[in-house]
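The lines below spell out each chain.
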Amino acid sequence: MNYPLIFGDETGIGVKDFIDYACDESGCPRYLEILDEPGVVSRLVSKDATVLAVAMTFVVPLATSSVISELTESARALAATIIKPHGIEYAIVGSISQMEAFREASRKETYKLIAFALLLVGTSLSFLYRQLLTPATIMVIGMIGATASVASLGIAGVPLNTSTTASPIIAMLLVVATATHVFASFHRSSAVSPADESMRSALRENRAPIILTTLTSCAGLASLNYADAPPLAQLGNSVVAGTIVGVVALYVFAPLAARLLPRKMHREIVGWAIDIGDRKNSQIALVLAFASVIAAMGVSRINIDEDFVEYFSDAYEFRRGADFAARYMAGPKSLQIAVNTNRNGGIESQEAIQFLHTFETWLRGLKPAASVWGIADPLFRLKNTLTSRQESFDDELVAQSLLTYELSLGEGQDLREYLSSDRASTRVSVLLGPSSSTTIMELDAVIRQWFLEEAPCGYSVSVSGINVPIAYMAVENIGSLVKAVSLTVVGMTIALGIFFRSFPISMISLVAIGLPILMGFGIWGWFIGDIGLAASVVLAITIGIVIDDAIHLTYRFSQATRSGMSTKAARRYALSNAGVAITQTSIALSLGFLVLTFSGFRVNEVLGMCTAGVLICAWIFDFFLLPSALAIASRFSEAPRAAL
């Protein structure tokens, strides 16, 4: 309603807020005139004149999130006091409420997700171990890693945000995965050996794979530092810190807890898979290899695109407000286009105003643009009110019109909304209708290209607004992380080749890392298609987890072949010894990450679904494809030997 509307004729002019001009005590007899104003419709009044809006512009210092919360709470209190008592439907939407929604998401998700993750992982481990003490010990060690993850953020002075919210969960699950292998080994031998000796033996026989899996997991997470978004780097670093502390805690607390643990064995949950693999290993391997290729082909169907409004569920006020705005007006997304003449007073010229008028008219013809406003509209309306429509602008008339308009503005209004203090540049604002990140990036490119071709010599343009960096975030982060992850995978492959002293094993490890990830993303591509910011996090997280299980299985296979077993016997030995822990961790971690699907924040939801899918694919690969690949590799080289 706070839009200065110009009215009058050759004898004089007036400037009023448009609601005061359109309405009086008897009603709104001139509301149809308002619907001809391009700076009003779909921004401050709906096309059917049933919804009105009040636009507020704030100057907020950087890195002052408390101010965002204060502004949001003040707006909510004001609306609840003035509007709600009258039973009028209303919504609060915009950049401020969007930023506050991200803050609210980080606070809500932290407590809710951690509680759910603890419950599901603890319950699944209790079922698998058929007792409570061992799962409780594993969960305590995992919580030490989660606490260290959060503590590292505090030490670094980084607040929990929507990206780092998942860090304690991820750290806990990685530590739980490592601890499960140790306790599975402990329970295999504790029935015939003293508890202390059994735990020392379990820690000793798992030492080499634990060191290697910890290094590879941390390397995968450290690749998040290559992301252009600092919160992703903070997520990776905090999980690395939590994982390292958790592994140290495992070696400290596991021996202390050994005597307290019951000797009861875990459930036999992999015998059927081993038996099936023994009987029909070749057929299953061929079928799964074919299915893996088909699943991986779905990666080509993935479209890197997202709508940041859909990050939030209806549980968030911002999402409800955004949907309300999109239903009646324009959506919450906007672009701020700065046109700079690069000379003092450059806007106060016939050339600049005429160009801006042409520019704004062109912008209104773009499909995503729902409302466009700038300084050219009121100046042309003022000129047409004071003079004949046929009379053209000249520099003197532009200067007079600007001065007249500025002097006619009401209290608290000036031209700073449109013009810089030196009158060298001006801002054109664009409200967008429904649009995704790809749409915004395409619009940005189209605007820059048009400006390059049509703008007067010396003019420059910049397209900004909170929606622009959000739109580019997923594409740029995924691009930089794919490069970083590729280098990490190559490094892991070389390290595993050195560790096992076998080139074929290093090549198999490359497949062991890449294929389950491709399968998980491929299945996502076949059934869903669009993916965004979460993909970059999934890449970094799943590499470490996927290679963990493959390393343990390869290590057991290596032990068996070095002892003289046949490849078939070595396969069964590896699955019997490492398969239980791999299955336990796959179940526990899948359930833990599936907890994220209960998140009201879509990035966490997609992260949970994709990661759980990759873990399930990795389990299938490890049980039915990796042993066959290791058997083939053993024919082309000596039995792979571990360096540690």
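The text that follows walks through the structure, step by step, so that each part is easy to find. (Residues numbered from 1 in each chain as written. Predicted model: local features only at pLDDT ≥ 70, side-chain atom pairs only at ≥ 80, totals over all residues. Heavy atoms only, no water.)

1. Examining the overall build of the protein
Under the convention used in this document: Helix and strand assignments follow DSSP, with helices taken as H or I runs no shorter than four residues and strands as E runs no shorter than two, numbered in order from the N terminus. Summary of the burial criterion: residues with accessible area below 20% of their type's maximum are buried, those above 50% are exposed, and those between are partly exposed, where the area comes from a 1.4 Å probe applied to protein chains only. Pairs of residues are marked as contacts when any of their non-hydrogen atoms sit within 4.5 Å. Accessible areas in this description were obtained via Shrake-Rupley with a 1.4 Å probe; residue shielding takes into account the shown protein chains only.
In terms of helices and strands, the protein carries 21 helices and 8 strands. Taking all 644 residues of the protein together, the buried fraction comes to 54%. Within the protein, counting contacts between residues at least 6 apart in sequence, those at least 24 apart form 76% of the total. Per element, the accessible surface of the protein, about 27,800 Å² overall, is 62% carbon and sulfur.

2. Thoughts on the pattern of salt bridges
Note the following rule: The salt bridge criterion pairs a side-chain nitrogen of Lys or Arg with a carboxyl oxygen of Asp or Glu, the two atoms within 4 Å.
Across all of its chains, the model carries 10 salt bridges by this definition. Two residues, Arg 76 and Glu 317, come together in a salt bridge whose shortest N-O distance is 2.6 Å. Residue Arg 76 is located in helix α3 (residues 65-82), and its partner Glu 317 is located in helix α11 (residues 317-328); the two are separated by 241 residues in the primary sequence. Given the relative accessible area of 23%, Glu 317 is considered partly exposed. It is possible to trace a salt-bridge network through shared partners that takes in Glu 73, Arg 76 and Glu 317.

3. Here we look at the sheet that holds strand β7 (residues 460-464)
Backbone-to-backbone hydrogen bonds pair the strands of a sheet. The strands run either parallel or antiparallel. We count it as follows: A pair of strands counts as paired when DSSP detects no fewer than two bridges linking them. Lines fitted to C-alpha atoms define the axes, with helix axes restricted to the stretch in contact, and inter-axis angles between N-to-C directions lie between 0 and 180 degrees.
Taken in spatial order, the 4 strands of this open sheet run β5-β6-β4-β7, and their pairing is antiparallel. The open sheet has two edge strands, β5 (369-373) and β7, and neither has a second partner. Within the sheet, the average angular offset between the axes of one strand and its neighbour, ignoring direction, is 20°. Pairing of strand β4 (residues 334-340) with strand β6 (residues 425-432) involves 7 bridges; the strand directions are antiparallel. Across the sheet, Ile 337 pairs through a bridge with Val 428, a residue of β6. Across the sheet, helix α12 (residues 350-364) lies against β4, β5 and β6, angled at about 10° from β6, the strand it touches most. Against the sheet, helix α15 (residues 437-454) touches β4, β6 and β7, its axis set at about 170° to β7.

4. Remarks on the environment of Ala 629
Note that Ala 629 resides in helix α21 (residues 626-635). Classification of Ala 629 as partly exposed rests on a relative accessible area of 22%. Along the primary structure Ala 629 and Ile 505 are separated by 124 residues, whereas in three dimensions their C-alpha atoms are 9.0 Å apart.

5. Observations regarding the pairing of β7
Burial along β7 is one-sided: Val 461 and Val 463 are buried, while Ser 460, Ser 462 and Ser 464, pointing the other way, are not. Sheet topology places β4 next to β7; 5 bridges connect them, and they run antiparallel. Bridge pairing in β7 links Gln 336 to Ser 464.

6. Considerations on the packing of aromatic side chains
Cut-off, in case you're wondering: Ring geometry is summarised as follows: Phe, Tyr and Trp rings, the Trp one being its six-membered ring, pair when their centres sit within 6.5 Å, and such pairs are stacked at plane angles under 30 degrees, edge-to-face over 60 and tilted between the two.
Scanning all chains against the criterion turns up 9 aromatic pairs. A centroid spacing of 6.0 Å and a plane angle of 5° characterise the contact between Phe 355 and Phe 359, whose relative ring orientation is stacked. With Phe 355 and Phe 359 both in helix α12, this residue pair falls 4 residues apart, about one helical turn. Across the pair, exposure class does not vary: Phe 355 and Phe 359 are buried alike. With centroids separated by 5.4 Å and ring planes inclined at 80°, the aromatic side chains of Phe 355 and Phe 451 adopt a geometry described as edge-to-face. Here the residue Phe 355 occupies a position in helix α12, and Phe 451 occupies one in helix α15, the gap between them amounting to 96 residues. Aromatic rings pair up to connect Phe 355, Phe 359, Trp 362, Trp 450, Phe 451 and Tyr 459 into one cluster.

7. Considering the side chain of Thr 134
The residue Thr 134 is located in helix α5 (residues 133-155) in this model. Setting aside residues no more than four positions away along its own chain, Thr 134 makes contact with Tyr 129, Phe 183, His 187, Leu 261 and Pro 262.

8. A look at the nonpolar core
We count it as follows: Among buried residues, the Ala, Val, Leu, Ile, Met, Phe, Trp, Tyr and Cys ones that are joined through side-chain atoms within 4.5 Å form a nonpolar core.
Ranked by size, the top nonpolar core spans 55 residues in total, and within it Leu 335, Ile 337, Ile 353, Phe 359, Leu 363 and Ile 375 carry the most contacts. Among residues more than four places away in sequence, those in contact with Ile 337 are Phe 359, Leu 363, Thr 426, Arg 427, Val 428, Val 430, Ile 447, Val 461 and Ser 462. Of all hydrophobic cores here, the second largest spans 49 residues; its members include Ala 117, Val 182, Leu 261 and Leu 607.

9. Side note on the packing of helix α7 (residues 195-205) against helix α9 (residues 230-257)
We count it as follows: Any angle from 65 to 115 degrees is called roughly perpendicular, while one under 35 is roughly parallel, one over 145 is roughly antiparallel, and all others are oblique. Handedness of a crossing follows from how the near helix is turned relative to the far one, being left-handed for an anticlockwise turn of less than a right angle and right-handed for a clockwise one. Asp, Glu, Lys and Arg are counted as charged, while Ala, Val, Leu, Ile, Met, Phe, Trp, Tyr, Cys and Pro are counted as nonpolar; the rest, among them Gly, fall into the polar class.
Between α7 and α9, the shortest axis-to-axis distance is 9 Å and the interhelical angle comes to 160°. By the angle class used here, α7 and α9 are roughly antiparallel. The way α7 lies across α9 gives a crossing that is right-handed. Every residue of α9 that contacts α7 at Asp 196, Met 199 and Leu 203 is listed here: Tyr 251, Ala 254 and Pro 255. Along the lines of polarity and charge, the residues of the contact of α7 with α9 split into 5 nonpolar, no polar and 1 charged.

10. Re the environment of Tyr 3
Inspection of the secondary structure assignment puts Tyr 3 in the segment before β1 (4-9). Taking relative accessible area as the criterion, Tyr 3 reaches 6% and is therefore assigned buried. Taking C-alpha positions, Tyr 3 is 8.6 Å from Ala 55, a pair spaced 52 residues apart along the chain.

11. Thoughts on the side chain of Ser 349
Counting through the fold element by element, Ser 349 comes out in the loop between β4 and α12. Excluding its chain neighbours within four sequence positions, the residues that come into contact with Ser 349 are Arg 343, Asp 395 and Val 398.

12. With respect to unusual backbone geometry
Phi at Asn 342 takes a positive value of approximately 60°, unusual for a residue other than glycine. In this structure, Asn 342 sits in the loop between β4 and α12. Unusually for a residue other than glycine, Arg 423 sits at a positive phi of about 55°. For Arg 423, the location among the structural elements is in the loop between α14 (395-408) and β6. Looking at Arg 423, the relative accessible area reads 18%, which means it is buried.

13. Some thoughts on the packing of helix α17 (residues 503-527) against helix α20 (residues 602-624)
In a packed pair of helices, the relevant descriptors are the angle between the two axes and the axis-to-axis distance. Running from N to C, α17 and α20 point in directions that differ by 130°, and their axes come no closer than 8 Å. Taken together, the axes of α17 and α20 lie oblique to each other. Relative to α20, the crossing made by α17 is right-handed. Between α17, through Val 511, Ala 512, Leu 515, Pro 516, Ile 517, Met 519, Gly 520, Ile 523 and Trp 524, and α20, the contact on the second element is made entirely by Arg 602, Val 606, Met 609, Cys 610, Val 614, Cys 617, Ala 618 and Phe 621. A per-class count over the contact of α17 with α20 returns 15 nonpolar, 1 polar and 1 charged.

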